[in-house]
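Architecture and fold: a report
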Amino acid sequence: MDNTTSWQHSTATQSLYFHPDYLDAVRAERKTTTVRFRDPVETGPVSLVFESDDEVALPGVITQVTVKTVAQLTEMDARADGFRDLAELHDRLRFHYPDIGPADDITIVHFRLAERNA
């Protein structure tokens, strides 16, 4: 079974919420994925929302969604998510999702910022 879906156009815009610490990395395109636990998303348009006192929302597109277990995460997954290495990604996952374990299914959400018209 293929656990990856590719971009398919959707008319509804969903929201993907981020800790504000990730805003600069997303803007600079150093962070192009996010690992989610029990947070279903679909490919298509998305509002990338950074929750802080002054909420920031950037238009984006979810281009691919991949499901795997925590134990199957790789160094490449960690770097695409903006982390130095897999250990740092695991630490952040435990911070955001204290009950997560190696056998749990997670979703790797691949996204990009939407192209802006000049």
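Here is what the cut-offs are and how they apply
- Residues numbered from 1 in each chain as written.
- Predicted model: local features only at pLDDT ≥ 70, side-chain atom pairs only at ≥ 80, totals over all residues.
- Heavy atoms only, no water.
- pLDDT = per-residue confidence, 0-100.
- Helix = DSSP H or I, 4+ residues; strand = E, 2+ residues; numbered from the N terminus.
- Contact = heavy atoms within 4.5 Å.
- Phe/Tyr/Trp six-rings, centres within 6.5 Å; stacked < 30°, edge-to-face > 60°.
- Buried < 20%, exposed > 50% of the residue type's maximum accessible area, 1.4 Å probe, protein only.
- Polar contact = N/O pair within 3.5 Å; in protein donor to acceptor, adjacent residues only side chain to side chain.
- Core = buried A, V, L, I, M, F, W, Y, C linked by side-chain atoms within 4.5 Å.
- Arc of directions from axis to C-beta.

1. As for the confidence of the model for the protein
Within the protein, residue pLDDT values average 88, and 87% of them lie at 70 or more. Strand β6 (residues 105-113) holds the highest mean pLDDT among the elements of the protein, 97, whereas strand β1 (residues 4-6) holds the lowest, 44. Low pLDDT, under 50, characterises residues 1-10; the stretch is placed with 21 contacts to residues that sit more than four places away or in other chains.

2. Remarks on the packing of aromatic side chains
As enumerated under the stated definition, the model contains four aromatic pairs in all. Ring geometry for Phe18 against Phe111: centres 5.7 Å apart, planes inclined by 65°, an arrangement best described as edge-to-face. Of this pair, Phe18 sits in strand β2 (residues 14-18) while Phe111 sits in strand β6, placing them 93 residues apart in sequence. Take Phe18 and Phe111: they sit in the same class, and that class is buried.

3. Notes on the side chain of Thr66
Inspection of the secondary structure assignment puts Thr66 in strand β5 (residues 56-69). Assessed through its relative accessible area of 12%, Thr66 is described here as buried. Among the polar contacts made by the side chain of Thr66, one reaches the side chain of Gln64 at a distance of 3.2 Å.

4. Overview of the nonpolar core
In this structure, Leu16, Leu48, Phe50, Leu73, Leu89 and Ile106 are the most contacted members of the largest nonpolar core, which totals 27 residues. Within the residue set of this core, elements represented by two or more residues are β2, α1 (23-27), β4 (44-50), β5, α3 (86-96) and β6. Excluding residues within four positions of it along the chain, Leu73 makes contact with Val35, Lys68, Leu86, Leu89, His90, Leu93, Ile106 and Ile108.

5. Digging into α3
Within the sequence span of α3, burial applies to Leu86, Leu89 and Leu93. Looking down the long axis of α3, one finds its buried residues gathered within 55° of arc, a one-sided arrangement. Residues of α3 that are buried sit in contact with β3 (33-36) and α2 (75-80). Residue Asp85 occupies the N-cap position of α3, its side-chain oxygen lying 3.3 Å from the main-chain nitrogen of Ala87.

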